[in-house]
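# Topology and contacts: notes
As a plain string of letters, each chain reads:
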Amino acid sequence: MKDYIRVCDVEKYYGSGSNVTKAVDRVSFRVEKGEFVGVMGASGSGKTTLLNMLATIDRVTAGHIFYEDTDITELSEDDLSNFRKNNLGFVFQEYNLLDTLTIEENVVLALTLQGEGKKEIQKSCSRVLQLLGIEEIREKFPYQVSGGQKQRCACARAVVNHPKLLLADEPTGALDSRSAQTLLRTFDELNRTQGATIIMVTHDAFSASYCGRILFLKDGRIFHELVRGEKSRKLFLQEILDVLSLTGGELSDAQ
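Reading the values: rules and limits
What you see as residue numbers is a count from 1 along each chain, following the sequence as written. The predicted origin of the model limits local features to residues at a pLDDT of at least 70 and limits the giving and counting of side-chain atom pairs to 80 or more, whereas totals for whole chains, interfaces and linings rest on all residues. Side-chain descriptors were evaluated using all non-hydrogen atoms of the structure, hydrogens and water having been removed beforehand. Pairing between strands requires that DSSP locate at least two bridges from one strand to the other. A run of H or I in DSSP counts as a helix once it spans at least four residues, and a run of E counts as a strand once it spans at least two, with each numbered from the N terminus. Ring pairs shown here join Phe, Tyr and Trp side chains whose ring centres sit within 6.5 Å, with only the six-membered ring taken for Trp; geometry is labelled stacked below 30 degrees between planes, edge-to-face above 60, and tilted in between. By definition here, charges over rings are those cases where NZ of Lys or CZ of Arg is within 6 Å of the ring centre and within 35 degrees of the ring normal. Helix axes use the C-alpha atoms of the stretch in contact, all axes being lines fitted to C-alpha atoms, and the angles between their N-to-C directions lie in the range 0 to 180 degrees. It only takes one pair of heavy atoms within 4.5 Å for two residues to be counted as in contact. We call two directions roughly parallel when the angle between them is under 35 degrees, roughly antiparallel when it is over 145, roughly perpendicular when it lies between 65 and 115, and oblique otherwise. In a left-handed crossing the near helix is turned counterclockwise from the far helix by less than a right angle, and in a right-handed crossing that turn is clockwise. Residues are sorted three ways: Asp, Glu, Lys and Arg are charged, Ala, Val, Leu, Ile, Met, Phe, Trp, Tyr, Cys and Pro are nonpolar, and all the rest, Gly among them, are polar. Think of a salt bridge as a Lys or Arg side-chain nitrogen and an Asp or Glu carboxyl oxygen that are within 4 Å of each other. Throughout this description, buried means an accessible area under 20% of the type-specific maximum (1.4 Å probe, protein chains only), exposed means over 50%, and partly exposed covers the range between. In this description, a nonpolar core means a group of buried Ala, Val, Leu, Ile, Met, Phe, Trp, Tyr and Cys residues linked to one another through side-chain atoms lying within 4.5 Å.

### Regarding the pairing of strand β2 (residues 21–32)
As judged from the eight bridges shared by strand β1 (residues 3–14) and β2, these two strands associate in the antiparallel manner. Within β2, the residue paired with V10 across the bridge is V27. A loop of six residues connects β1 with β2, the two strands running antiparallel in sequence, and G15 in this loop sits at a positive phi of about 90°.

### A word on the packing of aromatic side chains
The final tally for this structure, using the stated rule, is seven aromatic pairs. Ring centres of F216 and F223 lie 6.1 Å apart, and the angle between their planes is 55°; on these two criteria the pair is classed as tilted. In this structure an aromatic cluster arises from ring pairing among Y4, Y67 and F83. Just above the ring of Y210 sits the side chain of R233; from NZ or CZ to the centre is 4.2 Å.

### Overview of the sheet that holds strand β6 (residues 88–92)
The mixed open sheet is built from six strands, whose spatial order is β6-β7-β8-β3-β9-β10. The open sheet has two edge strands with one neighbour each: β6 and β10 (221–227). Strand-to-strand twist in this sheet, taken as the mean axis angle between neighbours without regard to direction, amounts to 20°. Inspection of the sheet shows strand β9 (residues 213–218) paired to β10 by six bridges, in the antiparallel sense. In the sheet register, F216 faces β10, and the bridge partner there is H224. Sheet strands touched by helix α5 (residues 147–159): β6 and β7 (165–169). Its angle to β6, the strand with the most contacts, is close to 170°.

### Thoughts on the packing of α5 against helix α6 (residues 177–193)
Between α5 and α6, the shortest axis-to-axis distance is 9 Å and the interhelical angle comes to 20°. With respect to their mutual orientation, α5 and α6 come out roughly parallel. Judged by the sense of rotation from one axis to the other, the crossing of α5 with α6 is right-handed. Within the contact between the two elements, α5 uses G148, Q151, R152, C155 and V159 and α6 uses S179, T182, L183, T186, F187 and L190. Split into classes, the residues belonging to the contact of α5 with α6 amount to five nonpolar, five polar and one charged.

### Re the pattern of salt bridges
One pass over the structure, following the stated rule, counts twelve salt bridges. Between E104 and R138 there is a salt bridge; the shortest N-O distance is 2.9 Å. In this pair, E104 sits in helix α3 (residues 103–113) while R138 sits in the loop between α4 (118–131) and α5, placing the two residues 34 residues apart along the sequence. In this structure R138 comes out as buried when scored by relative accessible area, which is 15%. Here E239 ties to K231 by a salt bridge, and the two come within 3.6 Å at their closest N and O atoms.

### Side note on the nonpolar core
V107, I134, L166, F187, I214, F216 and I240 are the most contacted members of the largest nonpolar core, which totals 49 residues. Membership of the second largest hydrophobic core comes to 30 residues, among which are Y4, V24, I65 and L167.

By themselves these figures say nothing about function.
And the structure:
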């Protein structure tokens, strides 16, 4: 299978002079189309910084990031904006929904901004709301629904454009265990049935066990990698916990 993403010797520094912090230190890896990759590590390991560079929110200090044949580190701000709009979907811990819009309006906003026709917008919106099990709350406002429903709305908004890559930063962090499981099963289904490529940053071993491959970061470097293969999720979860216990990573309760 062809590589969709190539990260080549990427570095990220913050600060200047004697107060320089190296957040990401010569990181290289590849992601194939249709992979579900997790990125784990303790606080300060560089995982969110790495995701932000993949999301084009932050610029690399050195190195290159290729999406197929496009080197995003060489793009202008305007080209980056277009690239982001046409290729990427985002799900963050904070839902970032607009409280003055209904659930449905939050989801269709991206399509409206892209100038899609009204009929196509309604069709795409209904499909994704049904897929994520939130069709019955489409007319409600964010403050009227649960945290899990808000996060599924944020997920619907992220995937309604059929992005080539879905980027998720601690998407289950603010959710109870039941809502977290629902969202993770949604990611799993999007990955398996829709062929979505997903990169998810998480400190939670249970969430990571849904991934097909996990990169472990420590002090800005990748120090270990796990591949699920044909293993059960339960066995994969135990492997993840074993790696985290050896490294002093942040352990959350296995739900």
